[in-house]
Amino acid sequence: MANIVKQPAEELVRLTNIDKTYGSGDRATEALHDINLSIKTGELVALLGPSGCGKSTILRIIAGLVQPTNGDMLYRGKPLRGVNPHTAIVFQSYALFPWLTVQENIEVTLKPLGLTPLERTKRALNLLDKVGLDGFETAYPRELSGGMRQKVGVARAMSVEPELLCLDEPFSTLDVLSAENLRGELMDLWSSGVLPTKSILMVSHNIEEALLMADRLIILDKSPGHVLAEVAIKLPHPRRRKDRPFLQLVDQVYALIAGKTQTEAEELGAAPGEPGKTRPLPHAPISAISGLLERVNEEVADRIDLYRLADELDEPLDDMLPSVEASEMLGFAKVESGDLSLTPLGQTFAEASIQAQKEIFAARIRRVPMIRWIRSMLSAARDRALHWDVFQTALALEFSPDEVERQLDTAVNWGRYAELFFFENDMLSIDNPASLPEPEHQEEERQDFDPVG
Ligand code: ADP
């Protein structure tokens, strides 16, 4: 973030015409082709792109763990020999030693630096304090939550005081809430300038996450990995998901990645109560959508004929079509002349972990008019909760009674999976119902609320 570095920015990393091929002969994989990029002090740069586009390879080349096949990698203007002593990587999995305490896990990393035991202890305690793990020094990794273990990973990487901190999808194995918290805490540390680091390079598959944090996005595509676009993010921090400029940027980046020509508004249609016809949800449960995407992703060819797919999935084509429509609506797939192909985003979804799939799906459906409408209704209601009937009444203005039920069933199926709202005892709510007031109170609320007004 430019606001913490008062001096003019200096160039830390420059990659020029980098190619990387793993293996040779028949087994050669061209992972990167002609990569050019630079990272300056004061910047948080995010590498974004589908699985297999070479993000981790770039990170490892910069860290000196992988040698490029062609091209130059300069650190502060000088070629790199061996491991880069100015970088440290926080990996996806925690990679902590289970038999060592939290504090020992950090101290062991400091051993090669030639510090005295007292200096090592001081530095470890100082960092644990900074990342909010004060009081957990003697705990073992198994006694910590995923988010806390990842904080130890951050503290450990930070303990060697790297100029460039590399984050390799550090939040992707955490649940949504822990990931959100850790992201926020890391951004606070980075923006307050207490971290002994000048730049951060982060690998992410998650567009919102990258846009919440980064000053610049480098968007990659695969086969072989190449840079598709660079986007400077000038929005001030803290960034909020709901702010209009933020949402516009998310749309632009999605459009870049999904290669869309229409704006999201044109593509997705109107929400109930907005001018224009409400875009109904295709009746596809999330299990059917992810099953379809994962199946198509296994296909060797880039595209698959829809009839053949239906046949292979042993499903009538008509039953499969809602999942196809949903996949198109969410930017995961395209249909042309009866063939279905996945977008890079669809591929990323199909290959992502369960948690990462949830996050990608949540980010996509937040902009679907029906879901957006339900969330805005709930946010406006007192206690952020409303009875199912309220939505039923409002939708009955546009859809038949059967269709209303189906629309709401699908919305609830998607919203619950993406953890965008809860549904219990006929109530929809933004917050976990366990923390909501008694149902009688909700009934009174509902009578006061005018669903269409
Ligand atoms: P990403 O981090 O974007 O998922 P990677 O850098 O891991 O991408 O991989 C890019 C490509 O290089 C992929 O096709 C992957 O299979 C291949 N690859 C990565 N590491 C190796 C390796 N050690 N040996 C052979 N192929 C590899």
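Bear in mind the structure is a predicted one, so any value in this text is a computation, not a measurement.

Caption draft 1: Region of the structure containing the domain arrangement of the protein. Domain boundaries in the protein define domain 1 (11-86 + 162-257), domain 2 (282-364) and domain 3 (371-435). Once you take the C-alpha centre of each, domain 1 and domain 2 turn out to be 27 Å apart. Listed by partner, the interface residues are 16 residues for domain 1 and 12 residues for domain 2. When domain 1 packs against domain 2, the two sides together hide about 1200 Å² of surface, and 54% of this comes from carbon and sulfur. Three residues, H205, Y254 and I257, lead the burial of domain 1 against domain 2; their summed loss comes to 39% of the area buried on that side. Remark: the boundary between domain 1 and domain 2 carries 2 salt bridges. For E351, the salt bridge goes to K222, with nearest N and O atoms at 3.9 Å. At the boundary of domain 1 with domain 2, the tally comes to 2 residue pairs in polar contact (both at pLDDT 80 or more). Of all elements in the fold, only α5 (176-192), α6 (207-213) and α7 (244-258) reach the threshold of two or more residues within the side of domain 1 that touches domain 2. Per-element accounting of the side of domain 1 that touches domain 2 gives the leading share, 3 residues, to α5.

Caption draft 2: Region of interest: the environment of L15. The residue L15 is located in strand β1 (residues 11-22) in this model. Expressed as a C-alpha distance, the spacing of L15 and G77, which sit 62 residues apart in the sequence, is 10 Å. Once residues within four sequence positions are removed from consideration, L15 is found in contact with I35, N36, L37, I58, I61, I62, D72 and M73.

Procedures and definitions
- Residues numbered from 1 in each chain as written.
- Predicted model: local features only at pLDDT ≥ 70, side-chain atom pairs only at ≥ 80, totals over all residues.
- Heavy atoms only, no water.
- Domains from an automatic or database assignment.
- Contact = heavy atoms within 4.5 Å.
- Buried area = accessible area lost by both parts, 1.4 Å probe.
- Salt bridge = Lys/Arg side-chain N within 4 Å of Asp/Glu carboxyl O.
- Polar contact = N/O pair within 3.5 Å; in protein donor to acceptor, adjacent residues only side chain to side chain.
- Helix = DSSP H or I, 4+ residues; strand = E, 2+ residues; numbered from the N terminus.

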